[in-house]
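Observations on the model geometry
Spelled out, the chains give:
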Amino acid sequence: MASSPPPQTADGPRPAGPPQPAGSPRPAVEALPRSLGVFGGVLLTLSCVTPASSLFIVVPPLLMSQGSGAVISLLIAAVLSLGVGLCYAELGTLVPSAGGEYSIVGQVLGRLAGWLVFMISIVSLLVIPPIIALGTADYLGSVLSLDPAVAGAAVMALAVAVGVLDIKSNALITGIFLGLEVLAAGIVAVLGFTHVHQPVSSLVHAVVPDGQGGTGPFTLGLLVSGLAVAMFTYNGFGTAVYLSEDLRDPRRTVARTVLWSLLAGVVVITVPVVAICLGVASPDQLAAGDLVAIVDSWAGSTVGTFVSLCIAAAILNAVIVMVIQNGRVLYASARDRTWPDPVNRALGTLHPRWGSPWVATLAIGAPGAVLALTVPIDALLGFTGVVVAVIYLLLGVAALLARRGRHRGAPAWRMPLWPVAPVLTTVVLGYALTQQAGRDLLITLAVLLVGVLYWFLYLRPRSATHWVLSLPADQAEAPLGAAAGLSVTDRTPASAPATAPEFS
């Protein structure tokens, strides 16, 4: 009997999985089609950084608490983010998996560490999109009145609908929205620099307004306490590692996508913040945190309305890309056999036409719409900042250990001046975590404890077959732990498959 042709996608044959023994069933998780280049990857990644929504949603609390010192915080955060970006670039080419950080940490630091990263990541990935989406109504208010919860749920639903399309269509859609974002940020920068009221020295000798006409000093304690949120402003450049199974030649292109996206994000966000700090008529305007009102004072309500609509588009764009990346993380967890087999089979399903992990995308995106509609989850913004800091810290540790043992000779882009970036990242973020709010640290600890329970009650007893931390078939080498003969309590045993396993 003639063999059937390989599965097709819009871009040609879908990569085949690993060879299977005679009579064995096909793997339940198919490989994502590689159809994305660096430019498309940067468009998607920068859209997840979402410069405009970061500028108008995440930056205002920094301006309110730090005044013009927010510029210093953002510049230091940019340097730290570069260190993190170098770690992402090297580790993302070393472990090119859609699982992103959890796959990287698990491959380098061990399966339990990878699982705990997955736990805090999946919770933050569940709440961050609706947190961002809830800001939509504020920026549509000049055109129509909407309930924030309803607007946030509608944005989540639309993002999920777009997120199940093929990756090239999503790159085009998000690229158009990204153009509007950059235009809005550019307008703010031009207006600020053409309406300068504050001396340049206010950026160096920063003061913190109290909203009553007085000011206070910008202290080291204020700087450190705001670093987690400042770094969250640029967060999203790591999206490139989630796209590593969509990118062509990921062991080269992931690094380029990460670093170009970070550079663009820093410029598009920081330059308008400098312009705002120089252009306000009084430091008390920073304490109010209403950037649209500042734009209105410079150019009138028409320009302010246009900028507001661009921000609303930016929010939708960011949520679309977050849903895309989050669906791929859940898809990768199915390939790694994280859940009971029926759940793994469902989450590992690709759309027959678009080649997207549509079930996983629905599973991670639809609850976000419900959360936006029913729960005041915007109070969890501080928790997401802590999660970002914890993950970045662990990536720094992984980058310190990624050039030893079986990883020493692996094909990967290598950062310059190693180990400066990972050491700096680890030390600074370790200290920054000690300065975060106790409530946010307790929430993070609670999530980790739930993860530990699932590990010991479900994953560890099935360690020979579950949580295998596999790579896609075209990038796989030796199975995790095979070279070192590690025990199943720390890593996958030598007999475990290197790629997508079959489900019984």
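Only a predicted model underlies this, so the values are computations on that prediction, with no experimental measurement involved.

Within the structure shown, the criterion is met by 14 aromatic pairs. With a centroid separation of 5.2 Å and an interplanar angle of 25°, the aromatic rings of Trp115 and Tyr454 are classed as stacked. Pair noted here: Trp115 is in helix α5 (residues 111-133) and Tyr454 is in helix α21 (residues 438-459), with a separation of 339 residues, a long-range link. Taken together, the aromatic side chains of Tyr102, Trp115, Phe118, Trp339, Tyr454, Tyr458 and Trp467 make up a single cluster linked through ring pairs.

For the structure shown, the criterion picks out seven salt bridges. Across the salt bridge formed by Glu90 and Arg414, the nearest N and O atoms sit 3.0 Å from each other. Of this pair, Glu90 sits in helix α3 (residues 69-94) while Arg414 sits in the loop between α19 (381-401) and α20 (420-434), and the two are 324 residues apart along the sequence. In this structure, Arg337 and Asp341 form a salt bridge, with 3.2 Å as the shortest nitrogen-oxygen distance. A relative accessible area of 8% places Arg337 in the buried class. Classification of Asp341 as buried rests on a relative accessible area of 12%. Each of the salt bridges in this network shares a partner with another, and the network as a whole consists of Glu90, Arg403 and Arg414.

A few words now on the nonpolar core. Counting residues in hydrophobic clusters, the biggest one holds 138 residues, and the most contacted among them are Phe56, Leu63, Tyr88, Leu91, Ile276 and Val319. Ranked by residue count, the leading element in this core is helix α16 (residues 301-335), at 18 residues. Excluding residues within four positions of it along the chain, Phe56 makes contact with Tyr139, Val188, Leu291, Val292, Val307 and Ile311.

The rules behind the values
- Residues numbered from 1 in each chain as written.
- Predicted model: local features only at pLDDT ≥ 70, side-chain atom pairs only at ≥ 80, totals over all residues.
- Heavy atoms only, no water.
- Phe/Tyr/Trp six-rings, centres within 6.5 Å; stacked < 30°, edge-to-face > 60°.
- Helix = DSSP H or I, 4+ residues; strand = E, 2+ residues; numbered from the N terminus.
- Salt bridge = Lys/Arg side-chain N within 4 Å of Asp/Glu carboxyl O.
- Buried < 20%, exposed > 50% of the residue type's maximum accessible area, 1.4 Å probe, protein only.
- Core = buried A, V, L, I, M, F, W, Y, C linked by side-chain atoms within 4.5 Å.
- Contact = heavy atoms within 4.5 Å.

Keep in mind these values describe shape, not function.
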